[in-house]
Every structure is written in structure tokens, then in C-alpha cells.
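So the chains spell out like this:
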Amino acid sequence: MSELINDTTDDTHTTDDTHATAEGAGGGQALRPHAEDSFAGELKALAAADDRPRPARWRLSPWAVATYLLGGTLADGTVITPKYVGPRRIIEVAVTTLATDRALLLLGVPGTAKTWVSEHLAAAVSGDSTLLVQGTAGTPEEAIRYGWNYARLLAHGPSREALVPSPVMRAMAQGMTARVEELTRIPADVQDTLITVLSEKTLPIPELGQEVQAVRGFNLIATANDRDRGVNELSSALRRRFNTVVLPLPATPDDEVDIVSRRVGQIGRSLELPPAPEGLEEIRRVVTVFRELRDGLTTDGRTKLKSPSGTLSTAEAISVVTNGLALATHFGDGVLRAGDVAAGLLGAVVRDPAADRVVWQEYLETVVRERDGWKDFYRACREVSA
């Protein structure tokens, strides 16, 4: 017997401008609104201008979803800010995958915006990015299938009223997009719960002799860190159910500076920090340091470097600059300077106190010290490294 749970599909979830001020549990403004709330105005403008065919239960056409992710200007002059800076084809392939019956696996090293892209894809496609399973070593099978309200279960026995649907089950029943973060962190036997969901598009409930069948519009986005190979690698059976899209590191320093600047600006606004247009030089310095140590080579290609044990991802660069901006705001004159980012930079680079500190000191003395216009940066880094 096939049955749906809470089939509240189509237009019950609006994306008007009132969502831009999402409220937390205490009635205050949410610290980090969901993508569909933060960018409700852009999604509404895209929906109004979008006259292209839309797959079943999609809020936007594939073209409009890609435009939402990559940015652009609509015919009415509305500017859509880019959410992802990188090759256009990657986003087009990801969006096209979601329009088929194959699930999407976003793969990449830490800090390549896998979670960010996943959230915005779900927001643009389904208008709801919250149907989320966070993968950890302790994620149980119930997080992907379903659980039980044990008070009702003990009082009345197994029933639909006692069943607690997982985000994946809800997405199947409502024809929406589910998300599974850090898939390779989930134990292998729990991962394989997804095989039937993705191949047969059904989730059996043997306790009730029933099943939940996915309705049109359902799909799943998973993310995985390719440095986690050997932790809980995907079985070949599960891997075949996904179309894998690899998200690369930013191709050029300018791309990475653009990404860091945009995200720092967005985070700064949510934290009510003043804009820091004068801080672009420090952002470029942080990005340069990260890229050189990450690549093991200076930007001019002349000097080989030792790389530290950390990932030095773009996400970590955003964190270093955001922390520096907060320091400049609360304990300085509001202008982002070398001294504001130096401590965060040291913490990002030196993860192993023994090995990484040697790498950092060598980089400071052989590269930073000799670089024109970096004397203040060198002094600030030396001061916090002492």
C-alpha cells in the first residue's frame, strides 16, 4: 500500500519580501536567515520574470535557478547577486541533474562552497532549504528514514500518527529537494539507506506494511569532502545513484578576493558591522598568503614553499577577515588593518604547533619580509607569532 505523508505541495511556501526578516525562536531577527529568506526579493523577481518551462513543483526554471546562483541582470533592471563564483558549466550541470531522476553529489575539498551551493540550489528549486540531514559519525538510520514518537508508540502501537518523518521522507512526499551534508561522515550502513530511496524512489515502512513513494519534483543533494576518503567511502551501488559534480578551488586570486569580499560583506551586515571598503588590501593579502601556502609556491612562481597541515580554504579566509573586521570595529577605528587579521591568520595556518609553526616562520622570513609594501603586515604577523 502506497501513501503520502503531509502532502502540502505547490504554492504553500511563499517567497515574498517579508521573509527577508526571518525571526528566531525568541522573536528577534535570525542570526543567519535561510537562503530563501535572505534573498527572497531576488527569488520573487526571478519568478516574475521567468517565462521558461519549469519541471514539476519547481519554483523557477533551470535557467532562472542558474541565474540565481551565478548572478545577472533581469530585463526590468533587477540585479541578481552571484552566490557562486566559478565556472558556469558546473552550475548548469548541477541544475540539470536535479531536473532528472538522478541525485546530485557535490564533491570538493573543504571550503569550496559545497554547503553554500547546496542550500541555494534547494532554495531556488523548492523554495525551502531546510529539509536537511547533517551527516556525522553518529547519524542514525532514523535521520534518513523515519523515527517514532515513543509516547504514542507505547500508548497506541505503530501508526502513522506515531511516525516521525525524516527530512528525506518529507521531501519525497512533498516533491521537494532534500539535502544531506557530509555524506561520507555517515556510517556506511546508514548511507546505504539511501539506495532504495534513490533507485526505487520509495521508502518502505515495514512496521505498517506501507511505503512512501516520491512524487514528481523530489530529488536529493548530497555534499562530501574529498579529503574524507577512507573514512566512510560510498559503496559503488550508492555512488551510481549520484551524478557527481566537483567544485574546484577559486581559479584565480581575483576570483577568491571577490568571493571573500562578498561573503564578508554579507556576514558583516548580519552582524551589524560597518562596511570596510578600505580593507580590500588586507583581504588580498590574506588570500595571497592562503593561496601561496596552499599551492606550495609563491605567486611569481620563483620560490617553492612548504605547506602547512591545514586546508587554508576560502571559507577560512572569510572567517579570518570577518574576525579582523570585528576587531577593527570594536577595538580600533573601524579600518581593517594588518594587525586586525594577523592573529586570525596565525590561527588558521598553525594547526600543528610543532610542524606548522616552522612552516609559518620560514614563510614570514623568506617571503613576507622581502615583499614590497608588506612591512606592516610582516611586523603584525611577527608580533602575534612571538
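Conventions adopted
Residues numbered from 1 in each chain as written. Predicted model: local features only at pLDDT ≥ 70, side-chain atom pairs only at ≥ 80, totals over all residues. Heavy atoms only, no water. Pairing = 2+ DSSP bridges. Helix = DSSP H or I, 4+ residues; strand = E, 2+ residues; numbered from the N terminus. Axes fitted to C-alpha atoms, helices over the stretch in contact; angles between N-to-C directions. Contact = heavy atoms within 4.5 Å. Parallel < 35°, antiparallel > 145°, perpendicular 65-115°, else oblique. Left-handed = near helix turned anticlockwise from the far one by under 90°. Nonpolar A, V, L, I, M, F, W, Y, C, P; charged D, E, K, R; others polar. Phe/Tyr/Trp six-rings, centres within 6.5 Å; stacked < 30°, edge-to-face > 60°. Lys NZ or Arg CZ within 6 Å of the ring centre and 35° of its normal. Salt bridge = Lys/Arg side-chain N within 4 Å of Asp/Glu carboxyl O. Buried < 20%, exposed > 50% of the residue type's maximum accessible area, 1.4 Å probe, protein only.

### Observations regarding the sheet that holds strand E10 (residues 219–225)
- Read across the open sheet, the 5 strands follow the order E4-E7-E10-E3-E11; overall the sheet is parallel. Among the strands making up the open sheet, the edge pair consists of strand E4 (132–134) and strand E11 (242–246). On average, each strand axis in the sheet is inclined to that of its neighbour by 20°, with strand direction left out of account.
- Two elements, strand E7 (residues 177–181) and E10, share 4 bridges in a ladder whose sense is parallel. What sits directly across from Ala178, in E10, is Leu220.
- On top of the sheet, helix H4 (residues 88–98) reaches strand E3 (103–108), E10 and E11; it is set at about 165° to E11, its chief contact.
- Along the sheet face, helix H7 (residues 167–174) touches E4, E7 and E10 and points at about 160° away from the line of E7.

### Some details on the packing of helix H11 (residues 253–270) against helix H12 (residues 280–295)
- Two numbers describe how H11 lies on H12: the axes approach to 9 Å, and their chain directions differ by 125°. Classified by the angle between their axes, H11 and H12 sit oblique to one another. Along this stretch, H11 crosses H12, giving a crossing that reads as right-handed. The residues of H12 that touch H11, namely those facing Pro253, Asp254, Glu256, Val257, Val260 and Ser261, are Leu280, Ile283, Arg284, Val287, Arg291 and Arg294.
- Looking at the contact of H11 with H12 residue by residue, the class counts come to 6 nonpolar, 1 polar and 5 charged.

### Thoughts on the packing of aromatic side chains
- Counting across every chain of the model gives 4 aromatic pairs.
- Between Phe39 and Tyr68, the ring centres sit 6.3 Å apart and the planes meet at 80°, which makes this aromatic pair edge-to-face. Note that Phe39 is positioned in the loop between helix H1 (35–38) and helix H2 (40–49) and Tyr68 in helix H3 (residues 62–70), a separation of 29 residues in sequence.
- Residues Trp374 and Phe377 carry aromatic rings whose centres are separated by 5.1 Å and whose planes lie at 70° to one another, so their mutual orientation is edge-to-face.
- When the ring centre of Trp374 is taken as reference, the NZ or CZ atom of Arg285 above it lies at 5.6 Å.

### Concerning the pattern of salt bridges
- For the structure shown, the criterion picks out 20 salt bridges.
- Ionic pairing is found between Glu181 and Arg179, a salt bridge with its closest N-O pair at 3.3 Å. Each member of the pair, Glu181 together with Arg179, is buried.
- One salt-bridge network, in which partners are shared between bridges, spans Glu281, Glu282, Arg285 and Asp376.

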